[in-house]
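Chain by chain, the residues run as shown.
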Amino acid sequence: MSYYGSSKYSSSEEGEYQLELIEHELERNDEGFVNVYTECVCPGDGTEYAKAAIGVWFMDNHELNVSRRLYENPCYNRAAFKSITIACRQARKANVRKLKINLTSAFLKNCIETLIPKWRSNGWKNSIGETLAQKQEILEMQDALDEFEKIDWIFHNNYKFDGMNGALNLAKNAADSESD
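Residues numbered from 1 in each chain as written. Predicted model: local features only at pLDDT ≥ 70, side-chain atom pairs only at ≥ 80, totals over all residues. Heavy atoms only, no water.

Caption draft 1: The arrangement of the overall build of the chain in detail. Looking only at helices and strands, the chain features four helices and seven strands. Mapped in sequence order, the helices and strands of the chain form the string β-β-β-β-β-α-β-α-α-β-α. Across the 180 residues of the chain, 49% fall into the buried class. Restricting the contact set of the chain to residue pairs at least 6 apart, pairs at least 24 apart contribute 68%. Counting every atom, the chain has about 9200 Å² of accessible surface; 45% of that belongs to carbon and sulfur. (Helix = DSSP H or I, 4+ residues; strand = E, 2+ residues; numbered from the N terminus. Buried < 20%, exposed > 50% of the residue type's maximum accessible area, 1.4 Å probe, protein only. Contact = heavy atoms within 4.5 Å. Areas by Shrake-Rupley, 256 points an atom, 1.4 Å probe, with all protein chains shown as cover.)

Caption draft 2: Quick peek at the sheet that holds strand β3 (residues 34–41). Across the sheet, five strands lie side by side as β5-β4-β3-β6-β7; this open sheet has mixed pairing. Each of the sheet's edge strands pairs with one partner strand only, and the pair in question is β5 (66–70) and β7 (150–155). Ignoring strand direction, the axes of neighbouring strands in this sheet form an average angle of 20°. Direction of pairing for strand β4 (residues 52–57) relative to β5: antiparallel, over a ladder of five bridges. The partner of Ala53 across the bridge, within β5, is Arg69. On the sheet, helix α1 (residues 76–93) packs against β3, β4, β5, β6 (98–103) and β7 and is oriented at approximately 30° with respect to β4. Contacting β6 and β7, helix α2 (residues 106–121) runs over the sheet at an angle of about 140° to β7. (Pairing = 2+ DSSP bridges. Axes fitted to C-alpha atoms, helices over the stretch in contact; angles between N-to-C directions.)

Caption draft 3: Here's a closer look at the environment of Ala79. Along the chain, Ala79 turns up in helix α1. A sequence separation of 24 residues divides Ala79 from Gly55, and the C-alpha atoms of the two residues are 9.6 Å apart. Ignoring sequence-local partners within four residues, the contact set of Ala79 consists of Cys40, Ala52, Ala53, Ile54 and Leu70.

Caption draft 4: Here's a closer look at the confidence of the model for the chain. For the chain, per-residue confidence averages 86 on the pLDDT scale, and residues scoring 70 or more make up 86% of the total. Looking across the chain, the model is least confident in strand β1 (residues 2–11), with a mean pLDDT of 35, and most confident in β4, with 97. In this model residues 1–15 is a low-confidence stretch, pLDDT under 50, and it forms 66 contacts with partners more than four residues away in sequence or in other chains. Overall, residues 17–22 carries pLDDT values under 50, and its contacts beyond four positions in sequence, including any with other chains, amount to 27 contacts. (pLDDT = per-residue confidence, 0-100.)

Caption draft 5: Region of the structure containing the pairing of β4. Here β4 lies mainly inside the structure; six of its six residues are buried. Across five bridges, the pairing between β3 and β4 is antiparallel. Its bridge partner being in β4, Cys40 is matched across the sheet by Ile54.

Caption draft 6: Fine view of the nonpolar core. Counting 39 residues, the largest nonpolar core has Ile54, Val56, Phe58, Cys88, Val96, Leu99 and Ile101 as the members making the most contacts within it. Elements with a contribution of two residues or more to this core: β3, β4, β5, α1, β6, α2 and α3 (135–145). Apart from residues no more than four positions distant in its own chain, Cys88 is found in contact with Leu99, Ile101, Ala144, Leu145 and Phe148. (Core = buried A, V, L, I, M, F, W, Y, C linked by side-chain atoms within 4.5 Å.)

Below you can see the structure in the form of C-alpha cells.
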C-alpha cells in the first residue's frame, strides 16, 4: 500500500530539519506502518579523528533517505541517537503516524529498553552520578518519537535485509566524505 504525505524539512549545516510541505510516496504494511532503517558509524570513535555519520533508509533512491556526517562532537553514541531523531523527522515529512524503526545497534536497544527509563527517573545521571553527555540528543530523540501515534522497534543482529544494508551504506558513505 502506498502513502502520500505533504511536508518538507529544510536542512541546516548540522543536519537539523525544519518542516515545510512536499509530496512523498512510501509503502505501508497492512497495519499502516512505514518501515525505516537506521544505522550509524564512527570510525576513530573516541579519538580526535572520529568521523560520526548516520544513514536513514526508507526505500531505494528515496528522497527521504539521509546520508549525513555529524561534525559537532562526533561519537558513536551521539550518532546513534541522531539517527533515530532524523529518521523520525524525515518520516514526519511524509505525514507518517505509525513508524517501524529497524536498527542493529545493541547500544540503542539497551538505551531504549533499559537505560532511558532509568536515566529519566534518576535525573539523567550516569552510573557515577554525572549528567549524561548525550542528554540533549536523547531528549531531542524522545521529542521526535513523541510525534507518532505508534512506534515499533525492530532490532536486527545482522544485515540480511536490504534496508539495513541501505542504511549502513548511507552511513559509511557519509563518514568517508569530506563534506555533505
